[in-house]
Amino acid sequence: MLLSSRNEHLQKILVPLLKRSALTTTTLALGNGYGIAVGVVLSLFLAPVWLTVAMGVPMAIPNVTIGGLVGVIAWALYGGTLGLVYGLILEY
């Protein structure tokens, strides 16, 4: 940072990269937050309720098992990817 504050050529290169990086990082974090929230609601609460009501399968609510946690992780990966791609699209 000290080098780029003194060198005008480095500023021309690094400042746009830092602005892009901040936007993509922000949208990635928002996407991960979205994915975790949706994953918790759907995988841990709504899926067990639906299985209990519609299928007659008794399930614990919340469904804090390996399957329920894998669902939350899958939604977090989906949300993160969605946020990352959206941030990259906004940059260009």
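Only a predicted model underlies this, so the values are computations on that prediction, with no experimental measurement involved.

Asks: Just checking my understanding: could you explain the packing of aromatic side chains for this structure?
Replies: Aromatic ring pairs are defined here through the distance separating the ring centres and the angle between the ring planes. Scanning all chains against the criterion turns up one aromatic pair. Where W75 meets Y78, the ring centres are 5.7 Å apart and the plane angle is 90°; that geometry is what we call edge-to-face. Residue W75 and its partner Y78 are both found in helix 3 (residues 66–91); the two are separated by three residues, about one turn of the helix. We classify W75 as partly exposed; its relative accessible area is 28%.

Asks: Explanation requested: the UniProt feature "transmembrane region" (unreviewed entry) in the protein in the structure shown.
Replies: This chain's UniProt record puts "transmembrane region" (unreviewed entry) on residues 21–46 and 66–89. What you have in residues 21–46 is 100% helix and 0% strand, and the ends, taken at the C-alpha atoms, are 36 Å apart. As a span, residues 66–89 carries 100% helix and 0% strand, and end to end its C-alpha atoms are 34 Å apart.

Asks: When you look at unusual backbone geometry in this model, what are you seeing that I'm missing?
Replies: Peptide bonds are, in most cases, trans, and in most cases residues other than glycine have a negative phi. Between I61 and P62 the backbone carries a cis peptide bond, its omega angle lying at 0°. Assignment of secondary structure puts P62 in the loop between helix 2 (8–55) and helix 3.

Asks: Explain the side chain of S43 here, please?
Replies: Of note, S43 is situated in helix 2. For S43, the contacting residues outside a window of four places in its chain are V38, P48, N63, G68, G71, V72 and W75.

Asks: When you look at a nonpolar patch on the surface in this model, what are you seeing that I'm missing?
Replies: Taken together, V41, L42, F45, L46, V49, V53 and I61 make up a surface patch of nonpolar side chains, about 590 Å² in accessible area. Here L46 is to be found in helix 2. Overall, L46 belongs to the partly exposed group, its relative accessible area being 46%.

The rules we used
- Residues numbered from 1 in each chain as written.
- Predicted model: local features only at pLDDT ≥ 70, side-chain atom pairs only at ≥ 80, totals over all residues.
- Heavy atoms only, no water.
- Phe/Tyr/Trp six-rings, centres within 6.5 Å; stacked < 30°, edge-to-face > 60°.
- Helix = DSSP H or I, 4+ residues; strand = E, 2+ residues; numbered from the N terminus.
- Buried < 20%, exposed > 50% of the residue type's maximum accessible area, 1.4 Å probe, protein only.
- UniProt positions renumbered as here; feature names shortened; annotations may be inferred.
- Contact = heavy atoms within 4.5 Å.
- Patch = residues over 30% accessible without salt bridge, like charges linked within 9 Å, V, L, I, M, F, W, Y side chains within 5 Å.
- Areas by Shrake-Rupley, 256 points an atom, 1.4 Å probe, with all protein chains shown as cover.
- Salt bridge = Lys/Arg side-chain N within 4 Å of Asp/Glu carboxyl O.

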